[in-house]
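A closer look at the structure
In case you want the letters, here they are:
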Amino acid sequence: MTDHDRPTVRRQRWPGPFDRHHSPGPPMEGKTMTFARSLLAVLALGSVAQAAPALSQPMEQFVPIAIYRTGPYASGGSGIYGAYADYLALVNERDGGVNGVKLVFEECETAYQPDRMIECYERLKNKGPTGAAAFAPSGTGSVYALIERMTEDKIPSITLGYGRTDASDGRVFPYMFTLIANYWTQNTATIRFIAEKEGGFEKLKGKKIANVLVDFPSARETGPVLEKQAGMHGFEVRNFPIAPPGLDQRAVWLQVRQYRPDWILFAGWGSATTAGLKEAARVAIPRDRMIGWWWSGSEEDVTPAGDAAKGFITSQFHATGQDFPVFGDIRKFVYEKGKGNVEPNRIGSVYYVRGVLHGVVLVEGMRTAMARFGNRPLTGDEVRWGLENMEISPERLRQLGIDGLMPPLKVTCADHEGGGGIRFQQWDGGKWAMISDWVQPDPSIVRPMVEASAAQYAREKGITPRDCGT
């Protein structure tokens, strides 16, 4: 954000008796001078008394929330970004804000449409005394649409598990944060998981993997790394794109059946996941050989599919369930006060957890920034510094009541992802059951690809990457 874009904060100045426009009268002596001095003292005290309310106003930090409560993906939008608001409300109600700075947030409905996302961003970015602390564009297509705007405005973008993958390189994308895990990290962990099931990477040679994806930007992000791994390990990949919103998939799954894959990667989303699981069951494809990405792994995705979802596996960059202290605090300090933003029965669900973690990383980034800049409302650029110097250690996870809910996270100037692990879960017909510990991705594959892609973007845009040092 430039200084020109920032709202001007005007502080009223009360005129004093010795202002230049108050010309002094003739000299006063004795009682006259004493009276004048007393009068001036009273006037001065009155000025202080009138100015005091302005000085005692609470400190506030504005946080926009781009939500989508409508459209075919509404369950994701309401769960994630409603939970994001719940966590910000928790920090206000339980802690009095972030080091005394209250979080003021406002929803803007986007219907998961990039043009509406841009409209929301432009409408909300300058609110509050310092402008937006950060913005979480809901959807990879929206991230692409906002990269240049947010970089120019110096407002950080927070995207957990989505966004432009090569934006993990903070040298080229200083305001983009693909935190915890990006799409390529997810894919290397997924292939490692399959290799473990098959008995080792050498057993992947000659295997066939069907990559079934709803054909939108986020699902297409996995293509380059999947091709790279196929070349390394000798397996075959065939893509099966589905036209959005993905409600009619019958022909696609017939083609998948004819291909006779050993494993299926399924990048569904919202109602497209439900439709895909039903069609897979109809053509007798075993769901325990289907691994969805984490956007296919919510309760709202699989419950409507009924028995067709049983056995379905998905990746995840966090755990789920209500048995974490943070959710007890949210119920006590937010929902019992009638300030919740999601149906209470969704607390601890997949989408809800994801929204809470959005709030965690923003608030921890702000705390990190305040340690350097002071306990006050921060500019977007100051929050950016906090995010890329943030470390959420195992001890800090325990203090936050989320130990085991997410992996430890350490962000740097060059690494805006943080190197999180991936877990895998399986639907048992009524709930998600974790079937793996944290599976480590392969940074030896991911990081060189991230850097090469980011460097190409820098060349195209005429960007000189930052020097992050050693």
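Our subject is the structure that appears above.
Conventions we followed
Residues numbered from 1 in each chain as written. Predicted model: local features only at pLDDT ≥ 70, side-chain atom pairs only at ≥ 80, totals over all residues. Heavy atoms only, no water. Helix = DSSP H or I, 4+ residues; strand = E, 2+ residues; numbered from the N terminus. Buried < 20%, exposed > 50% of the residue type's maximum accessible area, 1.4 Å probe, protein only. Contact = heavy atoms within 4.5 Å. Areas by Shrake-Rupley, 256 points an atom, 1.4 Å probe, with all protein chains shown as cover. Pairing = 2+ DSSP bridges. Axes fitted to C-alpha atoms, helices over the stretch in contact; angles between N-to-C directions. Polar contact = N/O pair within 3.5 Å; in protein donor to acceptor, adjacent residues only side chain to side chain. Phe/Tyr/Trp six-rings, centres within 6.5 Å; stacked < 30°, edge-to-face > 60°. Disulfide = S-S within 2.5 Å.

What the chain contains, in helices and strands, is 15 helices and 13 strands. For the chain, buried positions account for 52% of its 470 residues. Restricting the contact set of the chain to residue pairs at least 6 apart, pairs at least 24 apart contribute 71%. Total accessible area computed for the chain in this model is approximately 20500 Å², and 52% of it derives from carbon and sulfur atoms.

Our focus in this paragraph is the sheet that holds strand S13 (residues 432-434). Two modes of strand pairing occur in sheets, parallel and antiparallel, and in both the strands are linked by backbone hydrogen bonds. Ordered in space as S6-S5-S7-S8-S9-S12-S13, the seven strands form an open sheet in which the pairing is mixed. Taken across any chain shown, the strands that pair with only one partner, and hence form the sheet edges, are strand S6 (236-242) and S13. When the angles between neighbouring strand axes are averaged without regard to direction, this sheet yields 25°. Relative to strand S7 (residues 263-267), strand S5 (residues 208-214) runs parallel, the two being bridged by five bridges. By the bridge assignment, Leu213 is partnered in S7 with Ala267.

With respect to the secondary-structure elements, Thr303 resides in the loop between helix H10 (299-302) and strand S9 (313-316). Along the sequence, Thr303 and Gly430 sit 127 residues apart, while their C-alpha atoms lie 7.6 Å from each other. From its side chain, Thr303 meets the backbone oxygen of Glu299 in a polar contact 2.8 Å long.

This brings us to the packing of aromatic side chains. In this structure the tally under the stated criterion is 21 aromatic pairs. Judged by centre distance (5.5 Å) and plane angle (10°), the rings of Tyr73 and Trp269 are stacked. You can see Tyr73 sitting in the loop between strand S1 (60-67) and helix H2 (74-95) and its partner Trp269 sitting in the loop between S7 and helix H9 (271-282), a full 196 residues away along the chain. As far as burial versus exposure is concerned, Tyr73 and Trp269 are alike and both buried. Judged by centre distance (6.0 Å) and plane angle (55°), the ring pair of Tyr112 and Trp269 falls under tilted.

With that settled, the discussion passes to the pairing of S1. Counting buried residues in S1 gives seven out of eight residues, a clear majority hidden from the surface. Of the strand pairs in this sheet, S1 and strand S2 (residues 102-109) are connected by eight bridges, and their pairing is parallel. Within S2, the position partnered with Ile65 by the bridge is Glu107.

Time to look at the state of the cysteines. Tallied over the full model, the rule gives two disulfides. Covalent S-S linkage joins Cys108 and Cys120, the inter-sulfur distance amounting to 1.9 Å. Between Cys108 and Cys120 the sulfur-sulfur dihedral comes to about -75°; the bridge is accordingly left-handed. Of the two residues, Cys108 is situated in strand S2 and Cys120 in helix H3 (residues 114-124); the sequence distance between them amounts to twelve residues. The exposure class assigned to Cys120 is buried, which follows from its relative accessible area of 1%.

Attention now moves to unusual backbone geometry. Of note, the bond from Pro244 into Pro245 is cis; its omega dihedral lies within 30 degrees of zero at 5°. Looking at where Pro245 falls in the secondary structure, it is placed in the loop between S6 and helix H8 (250-259). Backbone geometry places Ile180, a non-glycine residue, at a positive phi of 75°. Here Ile180 lies in the loop between strand S4 (176-177) and helix H5 (183-198). Of note in the backbone geometry, Arg260 takes a positive phi value of approximately 55° without being a glycine. Given a relative accessible area of 60%, Arg260 falls into the exposed group.

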